[in-house]
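Close look at the chain arrangement
Listed below, chain by chain, are the residues.
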Amino acid sequence: MRVAVIGAGIIGVTTAFELAVDNHEVTVFERRAAVAEEASFANAGVVAPGYVTPWAAPGMPGKIARMLLGSHAPVRITLPISRAEIAWMRKWLRACDLPTYQANRARMQRLAFYSRTRLNDITEHFQLEYDHSTGYMVLLRGEKDRKLVQPGLDVLREAGVNFKEIDAEAARAIEPAINPDTQFAGAVHLPADGVGNCRQFAMLLKNEAQARGVNFEFNTGISPLDPANPALLAVWALTAQAPVQRQFDAVVVCAGVDSADLLRPLGLDIPLAPVYGYSISAPIREPLNAPRGALMDERFKVAISRLGNRVRVAGSAEIGGSLAKKRPDAIQTLYKVLHDWFPGAASLSNHGAAVQEWKGARPMLPDGPPLIGASGVPRVWLNLGHGSSGWALSCGSARAVADLMAGHTPEVDIEGLGIERLAA
Ligand SMILES: Cc1cc2nc3c(=O)[nH]c(=O)nc-3n(C[C@H](O)[C@H](O)[C@H](O)COP(=O)(O)OP(=O)(O)OC[C@H]3O[C@@H](n4cnc5c(N)ncnc54)[C@H](O)[C@@H]3O)c2cc1C
């Protein structure tokens, strides 16, 4: 088949790769000049399948309401907030009941475990050299944090995840650079989870896809799909005065937060909202003061990782506002958490040159899992809405979509990941 993939974030790149493996003739359209320039650019990079869970969870509305009041709140509401975002929050609230949460958590975790296996297989098979490391530690500042994580640990036990609750001394043995002045209760250590540079992986996999004949067209935007012929794309080159029409046999929409706009003319109402987050990446100043792997400050929901010769600190969930406007307080929280745990790890002077401060938009569905597979409109396929776990879910989602397009049953159970879920 001649397949068009719209979007070259991590989801579009992995999808194009898997379709090429299946011998399709693939063209990827990307409005930016390179792969992974939007949400996939500088995310935290964590791949921890046991922690891939919906944000719509019992008790979460109350927890978030309390968090909103703190000065280093992990969740923030920023004005202006659109009607669509308010409607999204209502749907999110409705998905917080226990049975919905449990069903969605199971769906996401199945996909996440499958995806990690596929990611590791691809990395090994093609000897892809991107910054990554194994081992993940969730840092617990106090006894209150230890208590609060217990239900989550039950989930890990249920899922058969290999983890250990350890005290502060054992945590320092794994991460010797943790600030000796910071007192904390302990940590949860997950030796099989880890962190990887999503953008570097996307760039390397793009090369593998190109080697299999995939054609990447950058600086090229696609107009919303035409209901009369949704596989006839209106393709806008950056410098062109008018679009050119290009016919395909099938289209896969992997356009991150913009996917809903592309699909709306087809009568598909996808409740996608941008949930913004931030990261800072800075060169390591003194390797002995830097983290060895990936850590998560459970109280502030901030991840700290070593990615090659840089430290990346990422977190915050902001609803409303815009991608263009960064909140200084959200960025300050990242610096604070880095300083609490690893002071002196990174060269933080010389802002703008050495330190990269980034804001990205998680393409989030209110109930959690992504949408994968047929759209219900002939020739239009979906791989979108991966929210806060798109990197961790990418390789598995892409393989599953390619299998569905080939008429095969995916290896992973995709119950509840199709568009029918929205009608339920
Ligand atoms: C602060 C932060 C931390 C995160 N941490 C993690 C983490 O630790 N682990 C994890 O698994 N995930 C994490 N995520 C989530 C992850 O980054 C996203 O889920 C993932 O990048 C989404 O990938 P995507 O390809 O769907 O979207 P994107 O990367 O945004 O790609 C979509 C692409 O489509 C293109 N596009 C859109 N519309 C059009 C059009 N009309 N024509 C042509 N091109 C178009 C865009 O330019 C873009 O390149 C984090 C996100 C943030 C913001």
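An account of the accompanying structure is given in this report. (Residues numbered from 1 in each chain as written. Predicted model: local features only at pLDDT ≥ 70, side-chain atom pairs only at ≥ 80, totals over all residues. Heavy atoms only, no water.)

Here's the deal with the pairing of strand 15 (residues 302-307)
In terms of residue burial, strand 15 counts as a mostly covered element, since five of its six residues are buried. As judged from the four bridges shared by strand 14 (residues 294-297) and strand 15, these two strands associate in the antiparallel manner. Among the inter-strand pairings, Ala294 is bridged to a residue of strand 15, identified as Ser305. Connecting the antiparallel pair strand 14 and strand 15 is a turn made up of four residues, with Lys301 showing a positive phi of about 55°. In this structure, strand 15 lies alongside strand 16 (residues 310-319), joined through six bridges in antiparallel fashion. If you follow Leu307 over to strand 16, its bridge partner there is Arg310. Linking strand 15 to strand 16, which pair antiparallel, is a turn of two residues; within it Gly308 sits at a positive phi near 65°. (Buried < 20%, exposed > 50% of the residue type's maximum accessible area, 1.4 Å probe, protein only. Helix = DSSP H or I, 4+ residues; strand = E, 2+ residues; numbered from the N terminus. Pairing = 2+ DSSP bridges.)

Remarks on the pairing of strand 1 (residues 2-6)
For strand 1, the tally of buried residues reaches four of five residues, placing the bulk of the element in the interior. With five bridges connecting them, strand 1 and strand 2 (residues 25-29) associate as parallel partners. Each residue of the ladder has a partner; that of Val5, found in strand 2, is Val28. Crossover strand 1 to strand 2 through helix 1 (residues 10-21) is right-handed. In this structure, strand 1 lies alongside strand 12 (residues 250-253), joined through four bridges in parallel fashion. Counted as the bridge partner of Val5 is Val252 from strand 12. (Right-handed = clockwise from strand over helix to strand, strands pointing away.)

A look at the packing of aromatic side chains
Summed over all chains, the structure comprises nine aromatic pairs. Between Phe17 and Phe126, the aromatic rings sit 5.6 Å apart at their centres with planes inclined by 85°, giving edge-to-face as the arrangement. Placement of the pair is Phe17 in helix 1 and Phe126 in the loop between helix 4 (98-125) and strand 5 (132-140), with a sequence separation of 109 residues. By relative accessible area, Phe17 is classed as buried at 1%. Between Tyr51 and Tyr136 the ring centres are 6.0 Å apart and the planes differ by 85°, which places this aromatic pair in the edge-to-face class. With Tyr51 in the loop between strand 3 (46-47) and helix 2 (60-67) and Tyr136 in strand 5, this pair connects stretches of sequence that are 85 residues apart. Aromatic ring contacts, followed pair by pair, group Tyr130, Phe201 and Trp391 into a single cluster. (Phe/Tyr/Trp six-rings, centres within 6.5 Å; stacked < 30°, edge-to-face > 60°.)

Regarding the packing of helix 1 against helix 8 (residues 198-211)
At their nearest, the axes of helix 1 and helix 8 sit 9 Å apart, and the two run at 25° to each other. For the element pair helix 1 / helix 8, the angle class is roughly parallel. The crossing of helix 1 and helix 8 is left-handed. Seen from helix 1, the contacting residues are Ile10, Val13, Thr14 and Phe17; seen from helix 8, they are Cys198, Phe201, Ala202, Leu205, Lys206, Glu208 and Ala209. Residues of the contact of helix 1 with helix 8, tallied by class, amount to eight nonpolar, one polar and two charged. (Axes fitted to C-alpha atoms, helices over the stretch in contact; angles between N-to-C directions. Parallel < 35°, antiparallel > 145°, perpendicular 65-115°, else oblique. Left-handed = near helix turned anticlockwise from the far one by under 90°. Contact = heavy atoms within 4.5 Å. Nonpolar A, V, L, I, M, F, W, Y, C, P; charged D, E, K, R; others polar.)

Overview of the sheet that holds strand 11 (residues 244-247)
Taken together, the three strands give an open sheet; going across it, the order is 9-10-11, and neighbouring strands pair in antiparallel fashion. Only two strands of the sheet have a single neighbouring strand rather than two, namely strand 9 (220-222) and strand 11. Adjacent strand axes in the sheet meet at a mean angle of 40°, parallel and antiparallel pairs treated alike. Bridge count between strand 9 and strand 10 (residues 232-237): three bridges; the pairing is antiparallel. Bridging across to strand 10, Ile222 finds its partner in Val235.

A few points about the site of the ligand
Every one of the 38 residues lining the ligand counts as a neighbour, but Glu30, Ser40, Asn43, Gly387 and Ala392 are closest to it. One of the backbone N or O atoms of Ala44 is found 3.1 Å from a nitrogen atom in the ligand. Gly390 is positioned such that a nitrogen or oxygen atom in its backbone is 3.0 Å from an oxygen atom of the ligand. Elements with a minimum of two residues in the shell around the ligand: helix 1, strand 9, strand 13 (273-283), strand 17 (356-364) and helix 11 (390-405). A per-element tally of the shell around the ligand places strand 17 first, with four residues. Of the residues in the shell around the ligand, the class split is 17 nonpolar, 15 polar and six charged. (Near = heavy atom within 4 Å. Polar contact = N/O pair within 3.5 Å; in protein donor to acceptor, adjacent residues only side chain to side chain.)

Some remarks on the nonpolar core
Generally speaking, a soluble globular protein has its nonpolar side chains buried in company with each other. Core analysis: the biggest nonpolar cluster contains 48 residues, and Phe201 and Val252 have the highest contact counts within it. At the level of elements, strand 1, helix 1, strand 2, helix 4, helix 8, strand 12 and helix 11 are the ones that each hand at least two residues to this core. The greatest single-element share of this core, amounting to eight residues, is contributed by helix 11. Among residues more than four places away in sequence, those in contact with Phe201 are Ile10, Thr14, Leu119, Ile122, Thr123, Leu128, Tyr130, Trp391 and Cys395. Met137, Tyr278, Ile284 and Val302 belong to the second largest nonpolar core, which has 31 residues in total. (Core = buried A, V, L, I, M, F, W, Y, C linked by side-chain atoms within 4.5 Å.)

Let's talk about the sheet that holds strand 19 (residues 380-384)
Strands pair in a sheet through their backbones, by hydrogen bonds, and they do so in one of two ways: parallel or antiparallel. Sheet architecture is open: six strands sit in the order 8-2-1-12-19-18, paired in mixed fashion. The two strands at the open ends of the sheet, each matched to only one other strand, are strand 8 (215-217) and strand 18 (371-374). Between one strand and the next, the sheet's axes are offset by a mean angle of 20°, whatever the strand orientation. Sheet topology places strand 18 next to strand 19; four bridges connect them, and they run antiparallel. Each bridged residue has a counterpart across the sheet, and for Ala374 the counterpart in strand 19 is Trp381.

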